[in-house]
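Chain residues, written in single-letter form:
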Amino acid sequence: MHARSRNYVSESEVYKLESVPLDFGDYHPLKPITVTESKTKKMSRKGSTSSTSSSSSSSMMDPLSSVLDGTDPLSLFAAAADPVTTTSTMDSTRKKRDKDDSSAVGSDFEPWSSKRSEILARYTTTEKLSINSNILSFAGKAATPGSAVSEKVRTRLEELDDLEEGSQKELLNLTQQDYMNRIEELNQSLKDAWSSDQKVKALKIVIQCSKLLSDTTVIQFYPSKFVLITDILDTFGKLVYERILSMCMDNRASLPDNFSPESVNDTAKETCLNWFFKIASIRELIPRLYVEAAILKCNKFLSKMGISECLPRLTSMIRGIGDPLVAVYARAYLCRVGMEVAPQLKESLNKNFFDFLLTFKQIHGDTVQNQLVAQCVEIPLYLTLYSPAIDWILQCIAYRAPEVLLTEMMERCKKLGNNALLLNSVMSAFRAEFIAARSMDFIGMIKECDESGFPKHLLFRSLGLNLALADPPENDRLQILNEAWKVITKLKNPQDYINCAEVWVEYTCRHFTKREVNTVLADVIKHMTPDRAFEDAYPQLQSIIQKVITYIHDFSLLFSVEKFLPFLDMFQKECVRVEVCKCIMEAFINALTLEDEKRMLAALINGFIKMVSFGRDFEQQLSFYVEARSMFCNLEPVLVQLIHSVNQLAMETRKVMKGNHSRKTAAFVRACVAFCFITIPSLSSIFARLNLYLHSGQVALANQCLSQADAFFKAAVSLVPEVPKMINIDGKMRPSDSFLLEFLCNFFSTLLVVPDHPEQGVLFLVRGLLNVIQDYTWEDNSDDKIRIYTNVLHLLSAMTQETYIYHVDKVDSNDTLYGGDSKFLAEINKLCETVIAQILDHLKTLGKEETLKRQSQLALYFFNTILAHGDLRNNKLNQLSVNLWNLAQKHGFADTKTMVKTLEYIKRRSKQPEMSHFTDLALRLPLQSRT
């Protein structure tokens, strides 16, 4: 299709309404209205409906990750520590590579970062700690200059020797907080040394920090110490990797994501080998092991098999660590690094764990027992120190592992006498479905465990957590509850009791009747009432209430549970009681089943939401909307209103900033966009979702959030195939075709200003939408598909213009990006030819007697499209229009008045400048009578 060239500015001037002066002297609103006819120039074509707009983006991404400029906080921390990143090219490449690396494992894998804060909070001490004072002197120590390369190397080696052989002065009597502050100072010193190009000094800091991991003098603090020191190791590993990566840049172009060692230049390889040689010269095993593990990823620069060869060697090195606690955390760190750089190498991870099992008996050896006696640490407390490391190792092994691996682990646990510590970690690591299916086997193993080292109630708690996520075999459910509750009800310590009971209440509510729930609540009251033990367990008691009202939706049944109200009486602290009552009321509101009640309630809530305003405190306003979403998640009209309110908030922010966002307001707007993106999928109405995706995408585009706008538009495209044939409108089932047609026409108006991404191809969103329309199953007696295709021609015609009819402020559309490039126009013409072929094929299928009227209407509709948007100086297009005109009249179904008015319009247009070819066209368009 050859589109007609348009000048929208001149057309607007020609066809706009003439202004008529109005005398306000005699005007009064109560005065009788006098209608005055104003002269207008008739329009030569129907104007395109304007719409707010659209945008482009590179690829579809989670907006939640974009609120922080495309990176998570840890990536920002690493980027701030990296002085090598001196160009924007390098920065964007690193962000993309970090994203790809993290995607090696799925979102279902719980990252180490999520466990970090929990470990630091759990493993604390009041004892005094010590640290090597030599390390703390690094921050002020100047680098040793060297005049020649050999002198520089000699100096560096001497520095390393001094570091390892020098006096080991200790700074004693540090509190835990002081110790953590000193470690943070070392972390900062490492970054400072690196940024000032003192690489040997940075290595010194890392070596000495690693040595701290061999110290178990305050053993209960060891897991937290491990977290703090490995943070420094991680920082060092990233700095080294990015340093070598920056050396691979050739003419400012960085390596591809999946680069091979052959593409790494010799300078980078030599530097990489130099780092490994430096580390290999470290005399002590523990720092040598940890520092090499920290830069394990750098093996990618040297050899394809480097990582797969290093992991087994490092695993074997750990066998040389005598202290079992130190050894298991070294294995945990190696697993952590291994999962980051080579998650596919599961054999090395398995070997790591099986090595641990072989040395597990060391825990009960004389050396460990003497150490515990010296530090006055009981064996149950000591065993809990292993949990974070073993849990992490098993999580890595169990990730997407087959069910047969669980069977193997259970057998190994049996051979070790059903060790409770291992059994607990196994239940925490493997998929809940696997654990639930073997619930009775695990209960048998728990019974045979020795309770002196690791309490059985913790094992039952871990089992209960799995059963809250997956269902056991139906025939075993009652026996499982009885076996678990026999152990739980015998617990004397109220805190131990409530921690277990809280978990098993959910299991009871899921699978049993109000009778069993009442029995459990009665037992909780019995244990928590003496000595007012409930006052120290309000969070767990609140959790129990929440679980009960989650599973018992019938409130008449809930309040018939005899012990429910006595259970509420335990909440005697006023603020807690109010919170619990509020929770129950929210559940009652959400449990409404009558649609009329829901609609009425939603209307009242929406009215309230519209009235709430925090003025210019937009962040507080957004927080209010977030809280309202959590409270009224079952009321769909409220969710729709919240999405509209948040979109309005984003546009108000844009208005205040006059379209020029600061870094802070840009992040805030992205947070608004993220709110909408994660809320829309929870709506049940498919057209509500479609329209909100489009509207939210337009809002994102107006705020220059291009990637987020693109995510909305792609989500809308992917949702179109799910549109059902019939939808419920006010309680009545109606065909959805007209609603879909309306939505798509609005969508096309937005797609006009979506700029293409160079990696996605020309008009990638338009092509994707066309593919969806082509595959959608339309009703046999419907012509909506062809009407949509005709509207696509309107869009494609508008896309060929030198300047588009409308734009989005600060967003360059394709008219700016391509500048009328011939290849771009050729691609559009190909699309037009494809669409026209589809329309003509459909017209041929309407040649039967019963569909001739539809054929006539569609032929005239298509003729008017060509008349308005096509360049009829093209012979083929001119002939096509004549054929469509004749087809519309061929069988006598055309409206004569419409045909006459259309022909008159063509004759008037022929008198305008550059429209003389319409004269010849008018002569070729005969009028036929119905007879």
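If you're wondering where the values come from, they're calculated on a predicted model, not measured in any experiment. (Residues numbered from 1 in each chain as written. Predicted model: local features only at pLDDT ≥ 70, side-chain atom pairs only at ≥ 80, totals over all residues. Heavy atoms only, no water.)

Novice: Please explain the pattern of salt bridges as it appears in this structure.
Specialist: For side chains bearing opposite charge, pairing can occur when the charged atoms are close. Going through the model one piece at a time under the given rule, you end up with 26 salt bridges. Of the charged contacts in the structure, one is a salt bridge between Lys 225 and Asp 215, with a shortest N-O distance of 3.6 Å. Residue Lys 225 is located in helix α10 (residues 222-247), and its partner Asp 215 is located in the loop between α9 (199-211) and α10; the two are separated by 10 residues in the primary sequence. In this structure, Lys 225 and Asp 215 share a single accessibility class: buried. (Salt bridge = Lys/Arg side-chain N within 4 Å of Asp/Glu carboxyl O. Helix = DSSP H or I, 4+ residues; strand = E, 2+ residues; numbered from the N terminus. Buried < 20%, exposed > 50% of the residue type's maximum accessible area, 1.4 Å probe, protein only.)

Novice: Explain the side chain of Asp 215 here, please?
Specialist: Polar side-chain contacts of Asp 215 include one of 2.9 Å to the side chain of Thr 217. Ignoring any residue separated from it by four or fewer positions in sequence, one finds Asp 215 in contact with Ser 130, Tyr 222 and Lys 225. (Polar contact = N/O pair within 3.5 Å; in protein donor to acceptor, adjacent residues only side chain to side chain. Contact = heavy atoms within 4.5 Å.)

Novice: Can you walk me through the confidence of the model for the protein chain in this structure?
Specialist: Caution is warranted with low-pLDDT regions, since their predicted coordinates should not be read in detail. Predicted confidence across the protein chain gives a mean pLDDT of 82, with 84% of residues reaching 70 or more. Contacts of residues 36-103 to residues separated by more than four positions or lying in other chains number 143 contacts, the stretch itself having pLDDT below 50. Below pLDDT 50 for its whole length, residues 139-149 participates in 11 contacts with residues either more than four positions away or in separate chains. (pLDDT = per-residue confidence, 0-100.)

Novice: Help me understand the environment of Leu 381 in this model?
Specialist: Counting through the fold element by element, Leu 381 comes out in helix α17 (residues 379-384). In this structure the C-alpha to C-alpha distance between Leu 381 and Phe 454, which are 73 residues apart in sequence, comes to 8.5 Å.

Novice: When you look at the pairing of strand β4 (residues 732-735) in this model, what are you seeing that I'm missing?
Specialist: The side chains of a regular strand alternate, first on one face of the sheet and then on the other. The sheet contact formed by strand β3 (residues 726-729) and β4 spans four bridges and is antiparallel. Among the inter-strand pairings, Ile 727 is bridged to a residue of β4, identified as Arg 734. With antiparallel pairing between neighbouring strands as the criterion, β3 and β4 make up a hairpin whose turn holds two residues, including Asp 730 at a positive phi of roughly 55 degrees. (Pairing = 2+ DSSP bridges.)

Novice: When you look at the packing of aromatic side chains in this model, what are you seeing that I'm missing?
Specialist: For any pair of aromatic rings, the description rests on two quantities: the centre-to-centre distance and the angle between the ring planes. Under the counting rule described, the total for this entry stands at 37 aromatic pairs. Ring centres 5.9 Å apart and planes at 50 degrees place the aromatic pair Phe 687 and Phe 739 in the tilted group. Residue Phe 687 is found in helix α35 (residues 686-702), and its partner Phe 739 is found in helix α37 (residues 737-751); the two are separated by 52 residues along the sequence. The exposure class assigned to Phe 687 is buried, which follows from its relative accessible area of 10%. By relative accessible area, which is 31% here, Phe 739 ends up partly exposed. Geometrically, the ring pair formed by Tyr 818 and Phe 824 is stacked, given 4.0 Å between the ring centres and 10 degrees between the ring planes. By relative accessible area, Tyr 818 is classed as partly exposed at 26%. Ring-pair connections join several aromatic residues into one group, and the members of that group are Phe 109, Trp 112, Tyr 222, Phe 226, Tyr 290, Tyr 329, Tyr 333, Trp 392 and Tyr 399. (Phe/Tyr/Trp six-rings, centres within 6.5 Å; stacked < 30°, edge-to-face > 60°.)

Novice: What is the right way to look at the side chain of Asn 606 in this model?
Specialist: Here Asn 606 is to be found in helix α31 (residues 595-611). You can call Asn 606 buried: its relative accessible area is 11%. When sequence neighbours within four positions are dropped, the list of residues in contact with Asn 606 reads Pro 637, Val 638 and Gln 641.

Novice: Honestly, helix α18 (residues 387-398) in this entry has me stumped. Any pointers?
Specialist: Since one α-helical turn is 3.6 residues long, residues separated by three or four positions face the same way. Look at α18: 16 Å from first C-alpha to last across 12 residues, which is about the 16 Å you get at 1.5 Å a residue. All of the buried residues in α18 are Ser 387, Pro 388, Ala 389, Ile 390, Trp 392, Ile 393, Leu 394, Gln 395, Cys 396, Ile 397 and Ala 398. On its buried face, α18 is in contact with α5 (113-122), α14 (324-341), α15 (346-358), α17, α19 (403-415) and α20 (420-429). Remark: Arg 400 follows α18 within two positions and exhibits a positive phi of approximately 55 degrees. (Expected span 1.5 Å × (residues − 1).)

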